[in-house]
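Coordinates in review
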Amino acid sequence: MLNIKGIRKSFGANEILKSISFEIKKGDVTVILGPSGSGKTTLLRCIDFLEKSDAGTISFGDGEIELSKATKKQILAVRRRIGFVFQNHNLFNNKTAMENVTEGLIIGRKIPKPEAEKIAKEALDKVGLSDKYGYYPNQLSGGQQQRVGIARAMAAKPDVILFDEPTSALDPELTGEVLYVMKKLAQEGVTMLVVTHEMSFAQDVANRAIFMDKGVIVEDAPPSEIFVHPKEERTRQFLRRILPNFDYAI
């Protein structure tokens, strides 16, 4: 469904992404793992044109778009098919939960307000916020704010939703409520590409894991393989640091 080829990105002399290529199929829940600085977030931002890539192409099966030369029209077309859930919510502080979800529908997609509000209510209900329509971000917990962000991404009915470490700013209790919503979406067949440090989510929910380091894909396999019998020593080093019992599993 989504085909990424040869993405490269440098900041000055620092090459962050070194020709990254992979495909995502409809219904996939793909997690991207790796140490800080490996290029995970930059990769998501390049896919959604929040960063301009130096090279590479993106395709939804209907013609490739060259990332470094994409027109505004092409960028808009891609963004209509991709949802993005940020680390730190990125909500409008002066707008209610409802308004945060309807804003993009009304302004970006020209959907009439009554229809946009209906869509927003359905999305907020799905993430467990049916009693928070009129609440402002400062009246919501961090987990609730993140769930508004998920509802906003869902409301546009994208082909794939990108999650950039959606629980990194949350305490354990709030992390659980966000992961619960994401698990429900996975069960419903929503296609997701998730940068995460939540290993339990990666093992229990994802059907594919990509391990990145220093701007390259080191290993790409089902979680059952990567977490039990990783092929690459660099993957094993990473897992030893974050999974206390990892050595017993290999």
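Now for a look at the structure at hand.

Attention shifts here to the nonpolar core. Membership of the largest hydrophobic core comes to 49 residues, with the highest contact counts inside it found for L33, I150 and F163. For I150, the residues in contact, after removing those within four places along its chain, are V85, V127, F163, V178, V181, M182 and L185. One finds I24, I32, F49 and I82 within the second-largest nonpolar core, a separate group that totals 29 residues.

Taking 1.5 Å of rise per residue, the 14 residues of helix α4 (residues 113-126) would be expected to cover 20 Å, and the 20 Å separating its terminal C-alpha atoms lies within 8% of that figure. Among the residues of α4, those classed as buried are A116, I119, A120, A123 and L124. Axial view of α4: buried residues confined to an arc of 130°, hence all on one face. In α4, the exposed positions that point more than 90 degrees away from the buried face belong to P114 and K118. Close packing links the buried residues of α4 with α3 (97-108) and α5 (142-155).

With that settled, the discussion passes to the sheet that holds strand β2 (residues 14-24). A sheet is described by the order of its strands in space; here four strands give the open sequence β2-β1-β4-β5, paired in antiparallel fashion. Two strands bound the open sheet, and with one partner strand each, they are β2 and β5 (65-66). Both strand β1 (residues 2-11) and β2 contribute to a ladder of eight bridges, which runs antiparallel. Following the sheet pairing, I7 is matched in β2 by I20.

So, how was this worked out
- Residues numbered from 1 in each chain as written.
- Predicted model: local features only at pLDDT ≥ 70, side-chain atom pairs only at ≥ 80, totals over all residues.
- Heavy atoms only, no water.
- Core = buried A, V, L, I, M, F, W, Y, C linked by side-chain atoms within 4.5 Å.
- Buried < 20%, exposed > 50% of the residue type's maximum accessible area, 1.4 Å probe, protein only.
- Contact = heavy atoms within 4.5 Å.
- Helix = DSSP H or I, 4+ residues; strand = E, 2+ residues; numbered from the N terminus.
- Expected span 1.5 Å × (residues − 1).
- Arc of directions from axis to C-beta.
- Pairing = 2+ DSSP bridges.

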